[in-house]
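Here are the chains, one letter per residue:
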Amino acid sequence: MTPTLDRDHELVPDPSTLMGLLHVLRKAHMELVGKDAAHQRFSRVSTRGDARQYIEEVMPHLMKEREKRRQRRHGGGK
Amino acid sequence: MNANAAAAGGLDQIIEHVFVLMLENRSFDHLFALSGIPGIIAATTANTNTYSGATYAFGGGAPSQMPTDPGHEFIDVIEQLCGANAQFQRGQPFPPIDNSGFVANYATTRTEGTPPQSGDVDDIMRGVDASTQSSAMYQLATQFVLCDAWHSSLPGPTWPNRYFLHGASSAGLDHSPTSDEICKWEGLDGFVYPKGSIFDALGKDNYRLYQDHLGDPLGRIPQVASIKGISVCDVDDLSHFEADLAAGYTARYTFIEPSYGDVVNNTYENGSSQHPMDGLAAGDQLVARVYGAIRNSPLWDKSLFVILYDEHGGFYDSVMPGKATPPNDGAAATLNASGFGFDVYGVRVPAIVVSPWVAQGKVDHTTYDHSSVLATLERLFGLQPLTDRDKSANDVLSLITQTCRQDCPERIGA
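Definitions and limits used
Residues numbered from 1 in each chain as written. Chains lettered and ligands numbered in written order. Predicted model: local features only at pLDDT ≥ 70, side-chain atom pairs only at ≥ 80, totals over all residues. Helix = DSSP H or I, 4+ residues; strand = E, 2+ residues; numbered from the N terminus. Rg over C-alpha atoms; globule rule 2.2 N^0.38 Å. Buried ≥ 20, exposed ≤ 12 C-beta atoms within 10 Å, placed from the backbone. Contact = placed C-beta atoms within 7 Å. Nonpolar A, V, L, I, M, F, W, Y, C, P; charged D, E, K, R; others polar. Axes fitted to C-alpha atoms, helices over the stretch in contact; angles between N-to-C directions. Parallel < 35°, antiparallel > 145°, perpendicular 65-115°, else oblique. Left-handed = near helix turned anticlockwise from the far one by under 90°. Pairing = 2+ DSSP bridges. Arc of directions from axis to C-beta.

Q: Just checking my understanding: could you explain the overall build of chain B for this structure?
A: Within chain B, the secondary structure is distributed over 14 helices and 12 strands. A compact globule built from 414 residues should have a C-alpha radius of gyration of about 22 Å, and chain B, at 20 Å, falls within 12% of that. Here the C-alpha coordinates of chain B stretch approximately 65 × 50 × 40 Å along the principal axes. Buried residues in chain B amount to 61% of all 414 residues. When contacts within chain B are restricted to residue pairs at least 6 apart in sequence, those whose partners lie at least 24 apart make up 76%.

Rendered as structure tokens:
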């Protein structure tokens, strides 16, 4: 198995599962920060290493929003 | 109303909650042909593929993790089903199917990366021992209904097949979408079905979405959130599932995604999707967790739980897919790279129907595809079909009996 960091310089394959899921994140990010800001951040993703950084940076914000929505759905419960 | 009194009413009195868990990339024969489950239509050693002068018979000993990811794009599946070097010609009928090209394709395709070492090419013809390697799936298959004629909705990869589950169409998509294609539908706020999705049809209050919260955080991005109107933020962590079920759960339909593991490095390791490069164990534990949560919830007596695989992942299967009804939903040709008419099913995949209202250990030979989930929901809950595919699809409601079983195991798995 290739060590994780050794592949960080590789371009994100297109099409690929990774590319598709990055776009899923971008779509959700647009809801939070607007299309322009989300696009600007996404446009800096080129390699697998960039993709990892993007996921690790964006996901916590989405998780916070997910929890907020969950609280709203459940009327503040659970 | 007690469970058996419900049986006197309509099916919607019996089944009030439908749950679907869709895993990744296994063919029926790969997972169940060697299970010893009586009555299944399955591969034997008489089923062979020939490649480069050598003959490869179906058999056991599948590696716990595949050394490379077998191809399963449309062009791959054409070769797998129709023989080495077979191609689909736009405007022409689907080439004759004989399931003879799985080894040839695995040995040569580069759609998922580098092909395997030559000594590994027969891995594609190997099945697992489900009773030991995927014991939760095996137990559910023997305790409930195992479907041995459930096909992926098209001969192609993950994304269009998952879209069929959610909308009885892939809006013409016959391949893994490119960044440019996704950018175009992101201008529309997500993937759009010409006739809407099952989530549109049900309405926000009637469905719930979950994704497994365990495993590599890099793989916890739900594919369903690519659809217009659904956000990553609408998909709950599965950690909440058990508590949610116990607290006034009203959703009629619940869709659950696994985690996909390390998607950044394409190893898929430490996920729960049962991706071929990751192995079966974590996905099997996910199956057991979801079953246990439903089984031990107040909803059990009103539940129907379907476990599916999106597509076969390139693994050999011995059954030739038959003709399918095209969605006929007016999808534009823009996403249809090959000109495929969506008139042939994809390769057979494992499917298990779990409910206290189904018979123990039944093998169901009815032809299904992923739109059968939609047909089931629509006929159960009085919704209109979305496309011609789900309109004509068989549902699983004929498996519902008039007796609520009391012998269903409370826990399964290793």
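Q: Help me understand the overall build of chain A in this model?
A: Secondary structure summary: chain A contains 3 helices and 0 strands in total. Seen in sequence order, chain A has helices and strands lined up from the N terminus as α-α-α. Counting every position in chain A, which comprises 78 residues, the buried fraction comes to 29%.

Q: Looking at this structure, I do not really get the interface of chain B and chain A. What am I missing?
A: When the parts of a complex come together, some accessible area is lost, and that lost area is often used as the size of the interface. Tallying the contact residues gives 29 residues for chain B and 28 residues for chain A. Mapped onto the side of chain B that touches chain A, the elements with two or more residues apiece are helix H8 (158–167) and helix H9 (179–186) of chain B. The element best represented in the side of chain B that touches chain A is H9 of chain B, accounting for 3 residues. The residue inventory of the side of chain B that touches chain A, partitioned by class, reads 14 nonpolar, 12 polar and 3 charged.

Q: What should I look at first to understand the packing of helix H1 (residues 17–33) of chain A against helix H2 (residues 35–42) of chain A in this one?
A: The relative placement of two packed helices comes down to the angle between their axes together with the axis-to-axis distance. All names here are of chain A. Interhelical geometry of H1 versus H2 gives an angle of 135° and a closest axis separation of 7 Å. Relative to H2, H1 is oriented oblique. The crossing of H1 and H2 is right-handed. Side by side, H1 and H2 meet where Arg26, His29, Met30 and Val33 of the first sit next to Lys35, Ala37, Ala38, Arg41 and Phe42 of the second.

Q: Mind showing me how you'd approach the pairing of strand E2 (residues 48–51) of chain B here?
A: Regular strands place side chains that alternate from one sheet face to the opposite one. Residues and elements named next belong to chain B. The alternating pattern of E2 places Asn49 and Tyr51 on a buried face, while none of Thr48 and Thr50, on the opposite face, is buried. By the bridge criterion, 4 bridges tie E2 to strand E3 (residues 54–57) in an arrangement that is antiparallel. Bridge assignment links Asn49 to a residue of E3, and that residue is Tyr56. Once E2 ends, the chain turns through 2 residues before running back antiparallel as E3, passing Ser52 with a positive phi of about 50°.

Q: Any chance you could explain the pairing of strand E6 (residues 207–211) of chain B here in plain terms?
A: Residues and elements named next belong to chain B. For E6, the buried fraction is high: 5 of the 5 residues fall into the buried class. Along E6, one buried face is formed by Tyr207, Leu209 and Gln211 and the opposite face, lined by Arg208 and Tyr210, is buried too. Where E6 meets strand E8 (residues 253–257), 5 bridges bridge the pair, whose relative direction is parallel. Paired with Tyr210 across the two strands is Ile256, which belongs to E8. Where E6 and strand E7 (residues 236–237) come together, 2 bridges link them in parallel fashion. Residue pairing in the sheet places Tyr210 in a bridge with Asp236 of E7.

Q: Explain H9 of chain B here, please?
A: Structural remark: α-helix, 3.6 residues per turn; residues separated by three or four positions point the same way. Taken residue by residue, H9 of chain B has Glu181, Ile182, Trp185 and Glu186 of chain B as its buried positions. Each buried residue of H9 of chain B sits inside an arc of 140° when the element is viewed along its axis, so together they form one side. Looking at the packing, one finds that the buried side of H9 of chain B touches H1 of chain A.

Q: Looking at this structure, how should I read the sheet that holds strand E1 (residues 17–23) of chain B?
A: Backbone-to-backbone hydrogen bonds join strands into a sheet, with any given pair of strands oriented parallel or antiparallel. Residues and elements named next belong to chain B. One open sheet holds the 8 strands; their spatial order is E7-E6-E8-E1-E9-E10-E4-E11, and the pairing between them is mixed. A single partner strand is all that each edge strand has here, and the edge strands are E7 and strand E11 (362–364). As defined by bridge partners, strand E4 (residues 145–147) adjoins strand E10 (residues 351–354) across 3 bridges and the pair is classed as antiparallel. Across the sheet, the residue bridging to Leu146 is Ile352, located in E10.

Q: Even after reading the chapter, I still don't get unusual backbone geometry, so can you show me in this structure?
A: Across residues other than glycine, the phi torsion is negative in most instances, and most of the peptide bonds are trans. Looking along the chain, the bond that leaves Asp14 of chain A and enters Pro15 of chain A is cis, with omega of 0°. Relative to the helices and strands, Pro15 of chain A is located in the segment before H1. Phi at Ser52 of chain B is positive, roughly 50°, even though this residue is not glycine. Tracing the backbone through its elements, the reader meets Ser52 of chain B in the loop between E2 and E3. The class for Ser52 of chain B is exposed, based on 11 C-beta atoms found within 10 Å. The phi angle at Asn328 of chain B is positive, at roughly 50°, despite the residue not being glycine. Among the secondary structure elements, Asn328 of chain B is positioned in the loop between strand E9 (303–309) and E10.

Q: Looking at this structure, how should I read the environment of Met63 of chain A?
A: Mapping Met63 of chain A onto the fold places it in helix H3 (residues 48–73). A sequence separation of 11 residues divides Met63 of chain A from Arg52 of chain A, and the C-alpha atoms of the two residues are 16 Å apart.

These figures come from the coordinates and say nothing about function on their own.
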